[in-house]
Amino acid sequence: MAEPMVEVFIFETKQFLEQLEQIALGSEEQGGFSVDDVNEIFRAMHTIKGSAAMMMFDQVSTLAHSVEDIFFYIRELKPAKVDATAITDIVLNAVDFMRIEMDKLEAGGTPDMSSEELRNYTKDFLRNFKVENGHDPDIDLRKVKNAKKSEDQAAMAPEPPKKQYYIGAAKQPAPVQEAQSDDAVHVYEAAIFFQQGCEMEEVRAFGVVNNLKEKVIELHHLPEKILEDESATDTIRNLGFRLFFTSKLNMDDIKAELDQTIFLDHMELKELASTAECEYWPSQETIAITALENSEPIKPDLPAGVAGPVRQKPQPKPSTEGAQMITVRVDKLDKLMDLVGEMVIAEAMVTQNPDIAGLELDNFAKAARQLHKINGELQDSVMALRMVPLEGTFKKMNRIVRDMTKKLGKKARLVLVGESTEVDKNINEHISDPLMHIVRNSVDHGIEMPEVRAEAGKDETGTIILSAENAGGEVVLKIKDDGGGLNKEKILDRARKNGIINKPESELTDQEIYSFIFAPGFSTKEKVTEFSGRGVGMDVVVSNIKSLGGKVLVDSEPGMGSTTTIKIPLTLAIIEGMSVAVGDATFTVPINYVSRSFRPAEGEIFRDPDGSEMIMVQGNCCPVVRLYDVYSVPGAITDPTDGILMLLEAGDTCFGVMADKLLGVQEIVVKPVPKYISRRVKTTGISGCTLLGDGSISLILDPQQVHNNIFD
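For clarity, every value in this text was computed on a predicted model and none was experimentally measured.

(A) Summary view of the overall build of the protein chain. Each helix and strand in the protein chain was counted, giving 22 helices and 22 strands. Intrachain contacts of the protein chain at a sequence separation of at least 6 include 70% that bridge at least 24 residues. For the protein chain, the exposed area adds up to about 37,500 Å²; of that, 52% sits on carbon and sulfur atoms.

As structure tokens, then:
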């Protein structure tokens, strides 16, 4: 496990990288960088630079600094000629580099790539950028800005000359004779106040010290031990981070350095006549003792380094001014969800205990209802904690479209609809790859070249719409493009060559033909490219979505485009299910698939010409499945009029499932089928299992899979 400071650094940096990517892509699409975009990118790069320097990741820090210089130049001199695409490339390349390094760090490794090539390219670009806009390529804008500020202040209100003293390194600090200008040493006292709610004040204070260490002669601060002292955070919040130091830099330069402090709210800075006027300045004896106690420099432990004691950060004090945010490890949420699931099972085992069956226990029933209410509220709260919007995942597709259109010479825009829709965080993580494959497929196979679109009377720029919406207990994702659509004949020809057609071609529907693209190893591309032609990708989409309990459908209209629809459950952890008894076995069906249940009358179930059992329901002819036949369950009821028929709706199809009796609706905790069982028994159509209140195990049916395996 990474040291807490490293974990926070990774989290914050990744957040900034996501922000940088989206701002850069949006600016390129608009044809330039707005003032707000420039400021946002500058601030993000500046923060990454400071944080990475504090954590001693120099390759990341120096790269961020070189990109920051470009936006500092844009912000200060507002050049007329700005190549938004070239600058976006630089930002995205830097983001990719940093993201790879963060992934290494998160995996427990050490960032080891060199950013020298990217830095040099960025610096050369900035020089040419300045020349193209008629500016001196060697000018240091920060020095010019600070010098101008000093001149303006001097003209407005000249300050009286201050006495300057030289402080010897090995002597007790004391005023001495005024030194020459080149050796002039200034004494400063500063108090830094961070923005309320920024958190990690002690880490940010360490960053201030780290940034100042090359610019001061001697530096002391309160609190003395920033990272080791558990009370340091509260002290900094209440009294500010107080600095006492000597430096050859003048007041304006020091102020400019401190102004760059991350999450700075305000500061107090003054110059003193000598260190004797400082509120705190330790004696040389104290400094020597402290140096012995801290023979190693204070620095965060990296994952690959020597392990040290883990600091426990003090809890923030409750505030009545508004809600506060807190970052929680994902594995802690997973553990909490598991415990809530066990509580749901434990509640069922208590309330449905066979020992109390048939007993009239009023007080017990009242307590059980209260327990169920509390468990329900707890479950809802935990589920809410795990729900995250799809916005981040959706916006990642902007980069896919941008990179592919650039390399393929196509024009396309991505439109996002319903990105605020929320899903369980596990589902959000697992749908990123399927969406990426489908979006890439839409650009590569769907969107035509600009000249082809123009000849067909279309806009040269294609449109890909990525949408999401809630539909009951499911989230429906659609990826729709206005390209050329799927080529049915090409798909059929490839399906013949691959030998995956399992019925007469005349009986194949359009959707069945389109679904061949999801078969492993299937590709209609004659030439392998960077993006397609290997026959991998779409089969990954299906397998990943099925592992989430979802399904994928594709439809197309020649010349008009294609639409891929993904339906996935809102959550995988706890669902409502209808449990049924079949002989000695118990099966559970997710409640969102159940349309109705009834006992069929004599003669309602009949056989079609193929010998399959059918039943007419509201004018529709639905096939009937006998679960005891499918899973070879002994002792089940065979006469439909003595049992129960559940009508299930799976996608666009419906079918009946025959069982002995209904056991009722209850919340179930989905558990995977153990591998040693799945290897030895037929698990067709079984997506998992659950533990019932009486301690028995019920197999969870996947209605879509049951239908596909039996009727397709």
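(B) Structural context of the sheet that holds strand β16 (residues 613–617). With respect to topology, 6 strands assemble into an open sheet ordered β14-β18-β19-β17-β16-β15, the strand pairing being mixed. Because the sheet does not close on itself, it has two edges, and the strands there are β14 (594–598) and β15 (605–607). Strand-to-strand twist of the sheet, defined as the mean angle between neighbouring strand axes without regard to direction, takes the value 35°. Of the pairings in the sheet, the one linking β14 to strand β18 (residues 644–650) comprises 4 bridges and is antiparallel in character. What sits directly across from R596, in β18, is L647. Seen against the sheet, helix α22 (residues 703–711) touches β17 (620–626), β18 and β19 (653–659) and runs at an angle of roughly 95° to β19.

(C) Structural view of the sheet that holds strand β11 (residues 561–569). Judged by pairing direction, the sheet is mixed, and its 5 strands sit side by side in the order β6-β8-β9-β11-β10 without closing on themselves. Of all the strands in the sheet, the pair left with one neighbour each is β6 (412–417) and β10 (551–557). Neighbour-to-neighbour, the strand axes of the sheet open up by a mean angle of 15°, direction not taken into account. Both β10 and β11 contribute to a ladder of 7 bridges, which runs antiparallel. Considered in β11, the bridge of S556 is made with S562. Sitting on the sheet, helix α19 (residues 538–547) touches β10 and β11, and the angle it makes with β10 is about 140°.

(D) Molecular detail of the nonpolar core. Counting 45 residues, the largest nonpolar core has I70, F71, I87 and M98 as its most contacted members. At the level of secondary structure, the elements contributing two or more residues to this core comprise α1 (4–30), α2 (35–54), α3 (58–77), α4 (84–106), α5 (116–132) and α7 (201–212). Leaving out residues up to four positions away in the same chain, I87 has contacts with F33, I70, F71, I74, V82, F125 and F129.

(E) Layout of the pattern of salt bridges. On inspection of all chains with the given rule, the structure shows 36 salt bridges. K14 is paired through a salt bridge with E106; the nearest N and O atoms lie 2.6 Å apart. One end of the pair, K14, is in helix α1; the other, E106, is in helix α4, with 92 residues separating them in the sequence. Note that R237 and D234 form a salt bridge whose closest N and O atoms lie 3.9 Å from each other. With a gap of 3 residues between them, R237 and D234 both fall in helix α8 (residues 232–239), about one helical turn apart. Three or more residues are tied together by salt bridges with common partners; here these are E18, E21, E28, D89, D96, R99, R399, R402, D403 and K406.

(F) View of the state of the cysteines. For the structure on display, the rule yields 1 disulfide. One disulfide bridge connects C622 with C654, the sulfur atoms lying 2.5 Å from each other. Its torsion about the S-S bond being -60°, the disulfide of C622 and C654 is classed as left-handed. Of the two residues, C622 is situated in strand β17 and C654 in strand β19; the sequence distance between them amounts to 32 residues. For C654, a relative accessible area of 21% gives the class partly exposed. With no disulfide of its own, C621 has C622 as its nearest cysteine by sulfur position, at a separation of 6.9 Å.

Conventions we followed
Residues numbered from 1 in each chain as written. Predicted model: local features only at pLDDT ≥ 70, side-chain atom pairs only at ≥ 80, totals over all residues. Heavy atoms only, no water. Helix = DSSP H or I, 4+ residues; strand = E, 2+ residues; numbered from the N terminus. Contact = heavy atoms within 4.5 Å. Areas by Shrake-Rupley, 256 points an atom, 1.4 Å probe, with all protein chains shown as cover. Pairing = 2+ DSSP bridges. Axes fitted to C-alpha atoms, helices over the stretch in contact; angles between N-to-C directions. Core = buried A, V, L, I, M, F, W, Y, C linked by side-chain atoms within 4.5 Å. Buried < 20%, exposed > 50% of the residue type's maximum accessible area, 1.4 Å probe, protein only. Salt bridge = Lys/Arg side-chain N within 4 Å of Asp/Glu carboxyl O. Disulfide = S-S within 2.5 Å.

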